[in-house]
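Chain residues, written in single-letter form:
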Amino acid sequence: WTNNDAEVTSDKTYTFTINNENADYSFVAEYERNTYKVTLEDSAGGQATIDKPTCLYEDQVTVAAAADTGYTFVNWVQDGQVVSSDPTYTFTVTKDTTVKPVFSINSYTISLSSDGNGSVEGAGDYNYSSTATVTASPNTGYYFVNWTDENGNEVNTSATFSFTVYG
């Protein structure tokens, strides 16, 4: 409370006695916006930034997410609710809140084929940076020569080999 621009109390209720019948009183109730905390929760697969972790009621806050190599940004979760699938999300703060970016690991399909003189195993979906093992088994009367990629380039000469999946 202020009276004639001078602070008289910070209590919600102010009781006073009029001392002079000719005195003027001009009381003003002054308010300030509440301060809130915005917590950015960690999430595997990427990083996130926040422009204002502490802010005032109705401030705009922006969070931004960047996926690590081998991951994709999925969405933002705010106080347990999915709120945006945009890597940059701006919202109005009205309370303490927690925001979490969600990332998913990329999955890649390994396809295998044979020239018809044997069989192959190990095709399927693999997560980024996981290990795939492929095996070639020649038909009777044949021997294994090599693995080639889709462009005909030799990849490996072992009938069974393992590699790290990056794409």
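Described below are features of the structure shown in this document. Everything numeric in this text was worked out from a predicted model, so none of it was measured.

With respect to the helices, strands and loops of the structure, L112 is situated in the loop between β12 (107-110) and β13 (118-121). On a C-alpha basis, the gap between L112 and T98 in space is 45 Å, while along the polypeptide they are 14 residues apart. In contact with L112, not counting residues within four places along its chain, are V120, E121, G122, A123, V134 and W147.

Read from one edge to the other, the open sheet built from three strands follows the order β13-β15-β18, with strand pairing classed as antiparallel. The strands lining the two open edges of the sheet, one partner per strand, are β13 and β18 (160-164). Each adjacent strand pair in this sheet contributes to an overall mean axis angle of 15°, direction not counted. For strand β15 (residues 131-138) and β18, the ladder comprises five bridges, and the chain directions are antiparallel. Note that in β18 the partner of A132 across the bridge is F163.

Moving on, we get to the environment of S119. By secondary structure assignment, the location of S119 is in strand β13. According to the relative accessible area criterion, S119 is partly exposed, its value standing at 38%. Along the chain, S119 and I18 lie 101 residues apart, while their C-alpha atoms are 101 Å from each other. Those residues within four positions of S119 in sequence are excluded, and the remaining contacts are S114, T135, A136 and S137.

With that settled, consider the sheet that holds strand β6 (residues 54-56). The strand order across the open sheet formed by five strands is β6-β4-β11-β8-β9, and the pairing between neighbours is mixed. This sheet does not close on itself; its edge strands, each paired only once, are β6 and β9 (81-84). Between one strand and the next, the sheet's axes are offset by a mean angle of 35°, whatever the strand orientation.

Here E58, not a glycine, exhibits a phi torsion of approximately 70°, which is positive. Inspection of the secondary structure assignment puts E58 in the loop between β6 and β7 (60-67).

This next bit is on a nonpolar patch on the surface. Side chains of V8, Y14, F16, I18 and Y25 sit close together on the surface and give an oily, nonpolar patch of about 420 Å² of accessible area. Mapping Y25 onto the fold places it in the loop between β2 (6-7) and β3 (27-28). For Y25, a relative accessible area of 31% translates into the label partly exposed.

What follows deals with the side chain of N106. Relative to the helices and strands, N106 is located in the loop between β11 (97-105) and β12. Of the polar contacts made by the side chain of N106, one reaches the side chain of Y108; its length is 3.3 Å. Setting aside anything within four residues of it in sequence, one finds N106 in contact with G70, Y71, T72, Y126, N127 and Y128.

Moving on, we come to the pattern of salt bridges. It is possible for side chains of opposite charge to pair when their charged atoms get near one another. Under the criterion given, the structure shown has four salt bridges. Put simply, E41 and K100 hold a salt bridge, and the shortest N to O gap is 3.8 Å. With E41 in the loop between β4 (35-40) and β5 (46-50) and K100 in strand β11, this pair connects stretches of sequence that are 59 residues apart. With relative accessibility at 37%, the residue E41 sits in the partly exposed group. Of the charged contacts, one joins D59 and K52 as a salt bridge, the two residues approaching to 4.0 Å between their closest N and O atoms. Linked by salt bridges that have partners in common, R33, K52 and D59 make up one network.

Calculation notes
Residues numbered from 1 in each chain as written. Predicted model: local features only at pLDDT ≥ 70, side-chain atom pairs only at ≥ 80, totals over all residues. Heavy atoms only, no water. Helix = DSSP H or I, 4+ residues; strand = E, 2+ residues; numbered from the N terminus. Contact = heavy atoms within 4.5 Å. Pairing = 2+ DSSP bridges. Axes fitted to C-alpha atoms, helices over the stretch in contact; angles between N-to-C directions. Buried < 20%, exposed > 50% of the residue type's maximum accessible area, 1.4 Å probe, protein only. Patch = residues over 30% accessible without salt bridge, like charges linked within 9 Å, V, L, I, M, F, W, Y side chains within 5 Å. Areas by Shrake-Rupley, 256 points an atom, 1.4 Å probe, with all protein chains shown as cover. Salt bridge = Lys/Arg side-chain N within 4 Å of Asp/Glu carboxyl O. Polar contact = N/O pair within 3.5 Å; in protein donor to acceptor, adjacent residues only side chain to side chain.

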